Amino acid sequence: MDTGSISGLVLAGGRGSRMGNVDKGLQPLRGKTMVEHVLARLRPQVGPLAISANRNLDTYRAFGAMVLPDESPDGVPEYAGPLAGLAAGLAHCATPFLLAVPCDSPFLPPDLAQRLLAALQDNDADVAYAATQEPGMRVQPHPVFCLVRASRLPELAAYLEGGGRRVDGWHRELKSVEVLFEDGDAFRNINTPEELQQMDDTAAGAQSLSQVASCISGYDPDALSVRDAQRIIGQFVQPVRAVEMVALRASLGRVLARDIVSPINVPAHDNSAMDGYALRGADLPADGSAGFKVVDTVYAGRPSGVIAGPGECVRIMTGGVMPSGCDTVLPQEFADSVGDDSITLRAGVIRAGDNRRLAGEDLAAGSAALKAGRVIRPADLGLVASLGFAEVPVQRRLRVAFFSTGDELRSIGEPLGEGCVYDSNRYTIYGMLQRLGCEIIDMGIVRDSPQALEDALRTACENADAIVTSGGVSVGAADYTKQVMAQLGDVTFWKIGMRPGRPLAFGRIHSNGRSAFLFGLPGNPVAVMVSFYFFAREALLRMMGAEAPLPLLRARSSGAIRKKAGRTEYQRGIVARGADGVPEVRITGSQGSGILRSMSEANCMVVLHDEQGNVAAGDMVDILPFEGLF
Ligand code: AMP
Ligand code: MG
């Protein structure tokens, strides 16, 4: 089949009324938005791809398809509905056929385009649409899943002009053919938040790690790339959904659980950006100078009822509400002369409209001021306050239990026997979890004994959403660590192409009807931190319902760095502004995975990717800075 002859169109323009008026296509399902699931299913079946949407256009654009807002054909009043989206899709369709599907059908069949096209061509029809039939039931048509000849736009325009609004109604005006599909579930759409949640839960229960891993081509647990490990982890973990309302100040650092929609325009009125004189832009002189009579004074917070007529102006303070008739503010220092009740100004010092802040320019009423999923920062506190909200819906804190394993470990305060080391990992892990805003359960040191380990894992599992352990997962470690972890659930053990931090245990364990995701980090102190930041961090954030990928920046390497291609290396670096203003990074001394000082001295991590080889002095490299302003 020639997929290039078909354009795909995802209909995401509806209002999602049963979902509480949210943008249905952007609802999260298994770590992605619904529309992304639909696009992923559609992409292999068609050539060009478009999304019909009327809100959040930039978000939709980011998914890499053309975004088409509704356009009513000439003579048709505006309305929202699938046919409006179809009309826009047909108007922009550059291929002979258009395949439309709704945005809430993440399971659409992989052979949808192929079978609809075959039926359309065999029957020389204008449109082919899908249908299903449960045993003993009537045929259930799914008219919105349809393949149409792009040349049928005039018929659609005529149908709409006649007041028609139904997709099946329009099909009846055409030569149409119904195509029966076997899998009814493939056309299931999602209408309520409950259905969405249910689907998410089922998926979480149904997908085993090996199922997730099987999506990775050439999957080998003993030679896994960092990227593939991250992908598997990202697909396997599930958000913990529980919302709580907290006082505005207490929301700092928490994950916003729902969009904050502005109930008002901010600012509420057009107002002045300067201390000066509000006047009518039309009165500004084209040349020479002009005089204005000062008819009133407006202070911030004290609007005036005055209406400025031609040749009049109003003295106004910053933030003062613009008086009726005025659209421009002359900053006071720009006045040519200021008299008792008059001013003069010269041509060209300002333009009409200058120094006026427009109502709603910060936030328009009805728009999302903050999106669910963001980690709340100081500016957001102010933004929420500017809307007048005292409380904020946030995700409940993620509960994370953690412990260290190893007979050689001692807790601080204990004497250090021969061959022993103080347990430092528990402190770095504490710090990293604390910074993520987790509720933490410190379970101390667990001895290298199967029973002690099983007891600890069970307790952790019954009390936490996630478990972070360190030590015991490397090759040399006693095998029972792995055995015990594996016995308690679906856990896999990887050797990852990275340095430091090769071994990693990951999965989900169960105990007494409870479950928790497990991150078994290696024991070496630097490896612990690197594995935490590059595997656990993002997964824990996803469980919290947040998206916060780490931003990599570029810096010039001041020295040569030896690096083996075929694995990812994380070197500790110190970045500073170079003489020419370009950031320059140098590696902190010894890079051994046990040398925690390298981490402490560093202010960034140099990320040398899989395919990269040796770095020469002066080469640009990726870095991950440790500190950010927020
Ligand atoms: P393992 O993965 O258990 O073989 O540990 C690897 C190395 O990391 C050994 O040298 C351990 O002594 C060390 N190590 C493991 N856990 C800790 C910890 N909590 N604090 C400091 N060092 C540790
Ligand atoms: Mg150990």
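The model shown is predicted, which means the values in this text are computed figures rather than measured ones. (Residues numbered from 1 in each chain as written. Chains lettered and ligands numbered in written order. Predicted model: local features only at pLDDT ≥ 70, side-chain atom pairs only at ≥ 80, totals over all residues. Heavy atoms only, no water.)

Okay, the packing of aromatic side chains next. Evaluated as defined, the whole model comprises nine aromatic pairs. Arranged with centres 5.4 Å apart and planes meeting at 70°, the rings of Phe 181 and Phe 187 form a pair that is edge-to-face. The same class applies to Phe 181 and to Phe 187, which are both buried. Residues Phe 236 and Phe 517 carry aromatic rings whose centres are separated by 5.8 Å and whose planes lie at 90° to one another, so their mutual orientation is edge-to-face. Within this pair, whereas Phe 236 is found in helix 9 (residues 226-236), its partner Phe 517 is found in strand 30 (residues 514-521), the two being separated by 281 residues in sequence. Owing to a relative accessible area of 6%, Phe 236 belongs among the buried residues under this scheme. For Phe 517, a relative accessible area of 3% gives the class buried. Clustering of aromatic rings is evident, with ring pairs tying together Phe 236, Trp 494, Phe 506, Phe 517 and Phe 519. For the cation-ring pair, Arg 115 lies above Phe 181, with the distance from its terminal atom to the ring centre recorded as 4.4 Å. (Phe/Tyr/Trp six-rings, centres within 6.5 Å; stacked < 30°, edge-to-face > 60°. Buried < 20%, exposed > 50% of the residue type's maximum accessible area, 1.4 Å probe, protein only. Helix = DSSP H or I, 4+ residues; strand = E, 2+ residues; numbered from the N terminus. Lys NZ or Arg CZ within 6 Å of the ring centre and 35° of its normal.)

We now examine the domain arrangement of the protein chain. We note that the domain assignment places domain 1 (3-187), domain 2 (243-263 + 364-395), domain 3 (271-357), domain 4 (399-543) and domain 5 (553-625) within the protein chain. Just the C-alpha atoms count here: the centres of domain 2 and domain 4 sit 33 Å apart. (Domains from an automatic or database assignment.)

Tracing the chain through its elements places Ser 272 in strand 12 (residues 271-272). Assessed through its relative accessible area of 0%, Ser 272 is described here as buried. Separated by 2.6 Å, the side chain of Ser 272 and the backbone oxygen of Met 274 make a polar contact. (Polar contact = N/O pair within 3.5 Å; in protein donor to acceptor, adjacent residues only side chain to side chain.)

A word on helix 11 (residues 425-435). Listing the buried residues of helix 11 in full gives Asn 425, Arg 426, Thr 428, Ile 429, Met 432 and Leu 433. Across the axial projection of helix 11, the buried residues extend over an arc of 160°, all falling on one side. As for helix 11, its buried residues are in contact with strand 22 (399-405), strand 25 (439-446), strand 26 (466-470) and helix 14 (525-543). Gly 437 sits one or two residues past helix 11 and shows a positive phi near 80°. (Arc of directions from axis to C-beta. Contact = heavy atoms within 4.5 Å.)

Applying the stated criterion across every chain yields a total of two cavities of 30 Å³ or more. By volume, the largest cavity is sized at about 50 Å³. What lines the largest cavity is Gly 253, Arg 254, Val 255, Gln 395, Arg 396, Arg 397, Leu 398, Leu 436, Gly 437 and Met 544. Taken together, the residues of the lining of the largest cavity break down into four nonpolar, three polar and three charged. Of the voids in this model, the second largest cavity is the one considered here, and its volume is about 30 Å³. Around the second largest cavity, the lining residues are Thr 405, Val 446, Arg 447, Asp 448, Ser 449, Leu 453, Tyr 480 and Thr 481. (1 Å grid on protein atoms, 1.4 Å probe; cavity = no way out; pocket = protein on both sides within 12 Å on 5 of 7 lines; lining within 4 Å. Points joined across faces, edges and corners; volume = space filled by probe spheres on them. Nonpolar A, V, L, I, M, F, W, Y, C, P; charged D, E, K, R; others polar.)

With respect to topology, seven strands assemble into an open sheet ordered 5-4-1-6-8-7-9, the strand pairing being mixed. Of all the strands in the sheet, just strand 5 (66-68) and strand 9 (176-181) have a single pairing partner and so form its edges. Each strand axis lies, on average, 30° off the axis of its neighbour in the sheet, ignoring direction. As paired elements, strand 6 (residues 97-102) and strand 8 (residues 139-149) share four bridges and run antiparallel to each other. Its bridge partner lying in strand 8, Phe 97 is registered against Arg 149. Against the sheet, helix 3 (residues 82-91) touches strand 1 (6-11), strand 4 (49-52), strand 5, strand 6 and strand 8, its axis set at about 150° to strand 1. (Pairing = 2+ DSSP bridges. Axes fitted to C-alpha atoms, helices over the stretch in contact; angles between N-to-C directions.)

Ligand 1 sits among 13 residues. The nearest are Glu 408, Asp 423, Ser 424, Asn 425 and Gly 472. Between Gly 523 and ligand 1, the recorded distance is 3.2 Å, taken from a backbone N or O atom to a nitrogen atom. Here ligand 1, which alone exposes 490 Å², has 77% of that area covered by the protein. When grouped by side-chain class, the residues that make up the shell around ligand 1 number two nonpolar, nine polar and two charged. (Near = heavy atom within 4 Å. Areas by Shrake-Rupley, 256 points an atom, 1.4 Å probe, with all protein chains shown as cover.)

Turning next to unusual backbone geometry. For the bond from Val 266 to Pro 267, the omega torsion is -10°, close enough to zero to count as cis. Along the chain, Pro 267 falls in the loop between strand 11 (260-261) and strand 12. The omega torsion across Arg 499 and Pro 500 is -5°, close enough to zero to call that bond cis. Inspection of the secondary structure puts Pro 500 in the loop between strand 28 (498-499) and strand 29 (503-511). For Asn 56, which is not a glycine, the phi torsion comes out positive at approximately 50°. Position of Asn 56 relative to the elements: it lies in the loop between strand 4 and helix 2 (57-61). According to the relative accessible area criterion, Asn 56 is partly exposed, its value standing at 27%.

In contact at an axis separation of 11 Å, helix 11 and helix 14 are set at 30° when each is read in the N-to-C sense. Between helix 11 and helix 14, the angle is such that the two are roughly parallel. In the crossing of helix 11 with helix 14, the sense of the turn from one axis to the other is right-handed. Note on element contacts: helix 14 touches helix 11 through Pro 525, Val 528, Met 529, Phe 532, Tyr 533 and Leu 540, opposite Asn 425, Thr 428, Ile 429, Met 432 and Leu 433. Across the contact of helix 11 with helix 14, the residue classes tally to nine nonpolar, two polar and no charged. (Parallel < 35°, antiparallel > 145°, perpendicular 65-115°, else oblique. Left-handed = near helix turned anticlockwise from the far one by under 90°.)

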